[in-house]
Protein chains: 4
Amino acid sequence: MKKHQVTERVRYFETDRMKVAHHTAYMVWFEVGRTSLMEEVGFPYREMEERGYFLPVVEFSCRLKAGADYGDTVKIETWVERLRTRSVTFGYLATRDGVELAQGWTKHLCVDKINRSRKLPAGIIEALLPYAEITIAGKAAK
Amino acid sequence: MKKHQVTERVRYFETDRMKVAHHTAYMVWFEVGRTSLMEEVGFPYREMEERGYFLPVVEFSCRLKAGADYGDTVKIETWVERLRTRSVTFGYLATRDGVELAQGWTKHLCVDKINRSRKLPAGIIEALLPYAEITIAGKAAK
Amino acid sequence: MKKHQVTERVRYFETDRMKVAHHTAYMVWFEVGRTSLMEEVGFPYREMEERGYFLPVVEFSCRLKAGADYGDTVKIETWVERLRTRSVTFGYLATRDGVELAQGWTKHLCVDKINRSRKLPAGIIEALLPYAEITIAGKAAK
Amino acid sequence: MKKHQVTERVRYFETDRMKVAHHTAYMVWFEVGRTSLMEEVGFPYREMEERGYFLPVVEFSCRLKAGADYGDTVKIETWVERLRTRSVTFGYLATRDGVELAQGWTKHLCVDKINRSRKLPAGIIEALLPYAEITIAGKAAK
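The present account deals with the structure reproduced in this document. (Residues numbered from 1 in each chain as written. Chains lettered and ligands numbered in written order. Predicted model: local features only at pLDDT ≥ 70, side-chain atom pairs only at ≥ 80, totals over all residues. Heavy atoms only, no water.)

Some words on the pairing of strand E2 (residues 57–64) of chain B
- With six of its eight residues buried, E2(B) lies for the most part within the structure.
- Pairing of E2(B) with strand E2 (residues 57–64) of chain D, which is carried by five bridges, proceeds in the antiparallel orientation. Paired with Phe60(B) across the bridge in E2(D) is Cys62(D). (Buried < 20%, exposed > 50% of the residue type's maximum accessible area, 1.4 Å probe, protein only. Helix = DSSP H or I, 4+ residues; strand = E, 2+ residues; numbered from the N terminus. Pairing = 2+ DSSP bridges.)

Below, the structure is given as structure tokens:
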């Protein structure tokens, strides 16, 4: 299984009075991670929205092990934890110099412009499969 | 001239590693101030957008005198600095217990859904006039 | 068991291009909720930090049922899901006009200034007990 | 005069219901720009704070010409508009594919840990000079 990588520097804006990145910053970096993964597999999310496929976050979870301070370089690895015809769950790992900072996941439903459930676009499941931890019915991740 | 008042408590999220609210927090509180003022005068901004009147920020400025820390109660006063048929400039003052924290202003153009200049909706100038520092052509603020 | 209540209006800043509050906004509102609860029970969190008790978020989770748009009034109920001598887990429910928007929880460890585990301050467990869903050893929530 | 360059992609989190980056996002990108410039000239700002030199924003201003949407690549150019022994003003230009999105500036005072005015650290003026638009007493920018 492949993992997609991006790196981000912690912004001053993202720190709080505890002198570490606020816990919401991880969710924003995870968003950067899946944005980049979707682009890499040929399904830029902005284009998906233009085509009427929206992937709102319906559930998320995150565990923090260590703090990241202003200027730190954070590596975010993104993969697919679960892939269904109408939903997708991404997994994430944030590290700094090999040390785990946080891990988490976000679950997304596929809906249309007026929030009705719809199937993910044709081809996306195949495109995401190399990054998928868990198989979907009858398809094995490499 | 009347000034509209709201109070906000500084959120942990809004602080940074200098242990004060990040300078962008003032712009967000000013936004809360003008949202509340627009409601008070009968032109809730969300409804304005639904009617096709958009007021994007085209310029803003802010001067900071003192820092606000987590939990501080910040009073934001909002008024109208300049009122034209196609633009409006709001003025703001943020204080804590009577001490000035920041002052600033935001200039907004009135545009339609596809970003073309348009006149502010009928009646809004009269509605905002009591909060206006500067008169518009031929109309004196009270 | 009591639940603490606060209400927040969705800020323009908090919305995203899907025209609802970004999912991180719920974590910020939950933070406002627990800040207010801690104050109500006589342990303002800012004072706790000044006394050397830090409660960093070590895990969080949130499920979203419906979107909240700009200007919506969101009620956040906060309670204690789990109370230990060195950690506390808060539970949250966000609603708009009685309709569930989101629910979630945050787990916090108690640490000192240099991040070493320490016991929660004396008296806080008793103070939080009326808001506690789950008892701590030998103490029943009312 | 040299200008320092960084590029950022617009994050979903940074957009608002007008489907463009919120105006505060520019201030955050400008912060990224000056962080990077300070590193390039050998005065990483995090280290400066560790040495007791703080550069809080005391004034800022920004003019917006066009909106940036989710995923857009924004180039931020940063330079020094004014350099004094106890303050510095940075200038910024944000563009997308050569089109101006915004320009602005931030003024910073140099203070110590307890907010008393102090001189900028030795050597920083010489280091910043190549990026300076305006000379300081007796020193010409190249």
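Anyway, onward from the coordinates.
Regarding the relation of the copies chain A and chain C
- Aligned on chain C, chain A shows an RMSD of 0.0 Å; the corresponding rotation is 180 degrees and the shift along the axis is 0.0 Å. With respect to symmetry, the two chain copies, as superposed, fit the operation of a two-fold axis. Rotation axis and chain A: the residue whose C-alpha lies nearest the axis is Ser61(A), separated from it by 2.1 Å.
- Both copies present the same face, since 100% of the interface residues in chain A are matched by interface residues at the equivalent positions in chain C. (Least-squares fit on C-alpha atoms with pLDDT ≥ 70 in both. Contact = heavy atoms within 4.5 Å.)

What about the interface of chain C and chain B?
- Counting residues at the interface gives 18 residues for chain C, matched by 18 residues for chain B.
- Both faces considered, chain C and chain B share a buried interface measuring about 1800 Å² in area, 43% of it formed by carbon and sulfur atoms.
- Among the residues of chain C in contact with chain B, Arg11(C), Arg46(C) and Tyr70(C) are the three that bury the most area, contributing 39% of the side total.
- Taken together, the links from chain C to chain B amount to 10 salt bridges.
- Counting across the interface, chain C meets chain B through 16 residue pairs in polar contact (both at pLDDT 80 or more).
- Breaking the side of chain C that touches chain B down by element, the ones donating at least two residues are strand E1 (4–9), helix H1 (23–40) and helix H2 (45–50) of chain C. (Buried area = accessible area lost by both parts, 1.4 Å probe. Salt bridge = Lys/Arg side-chain N within 4 Å of Asp/Glu carboxyl O. Polar contact = N/O pair within 3.5 Å; in protein donor to acceptor, adjacent residues only side chain to side chain.)

Some words on the interface of chain A and chain C
- Tallying the contact residues gives 24 residues for chain A and 24 residues for chain C.
- Taking both partners together, chain A and chain C bury about 2100 Å²; carbon and sulfur atoms supply 60% of that area.
- Ranking the residues of chain A by area buried against chain C places Met18(A), His23(A) and Phe60(A) at the top, with a combined share of 30%.
- At the surface where chain A touches chain C, the tally comes to two salt bridges.
- Arg17(C) is the partner of Glu49(A) in a salt bridge, and the nearest nitrogen-oxygen pair spans 2.6 Å.
- Where chain A meets chain C, there are 10 residue pairs in polar contact (both at pLDDT 80 or more).

Structural notes on the relation of the copies chain C and chain B
- When chain C is brought onto chain B, the operation consists of a screw motion whose angular component is 180 degrees and whose axial shift is 0.0 Å, with 0.0 Å RMSD remaining.
- Most of the interface of chain C is mirrored in chain B: 100% of its interface residues are interface residues there too.

Considerations on the sheet that holds strand E4 (residues 87–96) of chain B
- Here 10 strands make up an open sheet; going across it, the order is E1(B)-E3(B)-E4(B)-E5(B)-E2(B)-E2(D)-E5(D)-E4(D)-E3(D)-E1(D) and the pairing antiparallel. Since the sheet does not close on itself, it has two edges, and those belong to strand E1 (4–9) of chain B together with strand E1 (4–9) of chain D, each with one partner. Strand-to-strand twist in this sheet, taken as the mean axis angle between neighbours without regard to direction, amounts to 20 degrees.
- One ladder, built from seven bridges, connects E2(D) with strand E5 (residues 99–109) of chain D; its direction is antiparallel. Pairing of Leu64(D) across the sheet is with Ala102(D), part of E5(D).
- Contacts from helix H1 (residues 23–40) of chain B reach E1, E2, strand E3 (73–83), E4 and strand E5 (99–109) of chain B together with E2 of chain D within the one sheet, and its direction differs from that of E1(B) by about 135 degrees.
- On the sheet, helix H1 (residues 23–40) of chain D packs against E2 of chain B together with E1, E2, strand E3 (73–83), strand E4 (87–96) and E5 of chain D and is oriented at approximately 135 degrees with respect to E1(D). (Axes fitted to C-alpha atoms, helices over the stretch in contact; angles between N-to-C directions.)

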